[in-house]
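# Structure at a glance
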Amino acid sequence: MTIPHDFTSQPCRIFRQIEKSLEKKKSALLEQSVLLIGPGESGKSTVLKQIRAMCGGYTKHELEEKKLLILRNLWTFSDMLLEYVIKNYLDMNETDKKKYKVMIEELKFCVMSGGHMGDELAETVKVFWLCAPIQEAYEKRNTYHLTESAGYFFENIDRIKMPDFQPTNQDIVRIRVPTTGVVTADVILKNIKLSVIDCGGQRQERRKWYHYFDDVHAVLFVAAISEYDQKLVEDESVNRMDEALNLYHIVFNGKYFTKAACILFLNKIDLFREKVKSVSIKKFHPGFEGANTAEDGAKYFRRKFRDGMHPDFKKRLYCHETCAISDQVQIIINTVIDTVVQENLKDTGMI
Ligand SMILES: Nc1nc2c(ncn2[C@@H]2O[C@H](COP(=O)(O)OP(=O)(O)OP(=O)(O)O)[C@@H](O)[C@H]2O)c(=O)[nH]1
Ligand SMILES: [Mg+2]
């Protein structure tokens, strides 16, 4: 096509209009939205944190906020551990109980005052963490919903206590803050304007998901495969894996996401590999017939996520076993983004 030299001429105006609309189309194609859903504590926000890390990480101010969240986690985890010891009459003398109650108050004060721990408090926290009844309470953590990350922060006290402590990506992905409502993060990744919508996963949060069902390019369902023996925080009578499966079938067997790329992360595969060494799958999921290994277990749960789904959906589903706290997951996220773009280009007839 020859470009006319007279820019005010009719053909030239038309040419520029076509060019503009093509440019618009091009940039519209590069805007992709991804919805993160799944039950509470499955790892959705952790996936978002990894995406943030891939896009250059955090500002100084955000890092200060993360530092406070780590202190807050240490305070609440200490409180939960001591409460378990007291409620279950584990062997701890009254002097120690009093001492650790004061320690928890001091941790709380640290968070409230936005300060740092100091050597003396850090030493008490270390002794607290290593004492026998607290270790015993930590062993039982799955029974009272103490998050897996608790041990990580106690083991890193020497670093966390420093006045110039700067949280690393590994520290940040271990932080546990349940999401309330919906958090949207707009990032640029692989030349794509990516809008990531991270939803709270506990039952009371799920009503808000629905508002995002129509417009997203991709939906990423995150289920924690390691939680096959655990109960929901919000309903102690329900097994977490059963909840994940029910939720998944409701969401994907409905009339939604007919065009969106659908991805399933069977997350916390690291904890799953450890857990199958000592916890029977069959005890919690009587339909399981294989050997109690990570391989057979993962195969079984993968099948459970596919059973009863429409054959077209099965063809469209991308499933990955993931460990969202490992930086290796960034490779999978890269693949997922490529897939999402490919799927959407296919839909628009561009490839
Ligand atoms: N070991 C291990 N821990 C993980 C993994 N993924 C997430 N976690 C931890 O699990 C906890 C919960 O993760 P979140 O990302 O907050 O879970 P969520 O799905 O956003 O939870 P809600 O916001 O309540 O819906 C955090 O402390 C994470 O560090 C994983 O693959 N392995
Ligand atoms: Mg969350």
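Residues numbered from 1 in each chain as written. Chains lettered and ligands numbered in written order. Predicted model: local features only at pLDDT ≥ 70, side-chain atom pairs only at ≥ 80, totals over all residues. Heavy atoms only, no water.

## Remarks on the side chain of Arg-141
Within the element layout of this structure, Arg-141 appears in the loop between α6 (132–139) and α7 (150–155). Classification of Arg-141 by relative accessible area gives buried; the value is 18%. For Arg-141, the contacting residues outside a window of four places in its chain are Leu-146 and Glu-148. (Helix = DSSP H or I, 4+ residues; strand = E, 2+ residues; numbered from the N terminus. Buried < 20%, exposed > 50% of the residue type's maximum accessible area, 1.4 Å probe, protein only. Contact = heavy atoms within 4.5 Å.)

## So, the packing of aromatic side chains
Inspection of the entire model under this criterion finds 23 aromatic pairs. Measuring from ring centre to ring centre gives 4.9 Å for Tyr-100 and Phe-128, while their planes differ by 65 degrees; the resulting arrangement is edge-to-face. You can see Tyr-100 sitting in helix α4 (residues 94–112) and its partner Phe-128 sitting in helix α5 (residues 119–130), a full 28 residues away along the chain. For Phe-128, a relative accessible area of 0% gives the class buried. The ring of Tyr-138 has Arg-141 lying over it, and the distance from NZ or CZ to the ring centre is 4.1 Å. Between the NZ or CZ atom of Lys-275 and the centre of the ring of Tyr-228, over which it lies, the distance is 5.9 Å. (Phe/Tyr/Trp six-rings, centres within 6.5 Å; stacked < 30°, edge-to-face > 60°. Lys NZ or Arg CZ within 6 Å of the ring centre and 35° of its normal.)

## Let's talk about the site of ligand 1
As a structural note, the neighbourhood of ligand 1 is formed by 25 residues, with Lys-44, Thr-46, Val-173, Thr-179 and Gly-201 the closest of them. Here an oxygen atom of ligand 1 and a backbone polar atom of Thr-179 are 2.8 Å apart. The fraction of the free accessible surface of ligand 1 (650 Å²) that becomes covered by protein chains is 99%. Of all elements in the fold, only α2 (44–54), α9 (169–174) and α11 (269–275) reach the threshold of two or more residues within the shell around ligand 1. Of the residues forming the shell around ligand 1, the biggest block, three residues, is contributed by α2. Of the residues in the shell around ligand 1, the class split is eight nonpolar, 11 polar and six charged. (Near = heavy atom within 4 Å. Polar contact = N/O pair within 3.5 Å; in protein donor to acceptor, adjacent residues only side chain to side chain. Areas by Shrake-Rupley, 256 points an atom, 1.4 Å probe, with all protein chains shown as cover. Nonpolar A, V, L, I, M, F, W, Y, C, P; charged D, E, K, R; others polar.)

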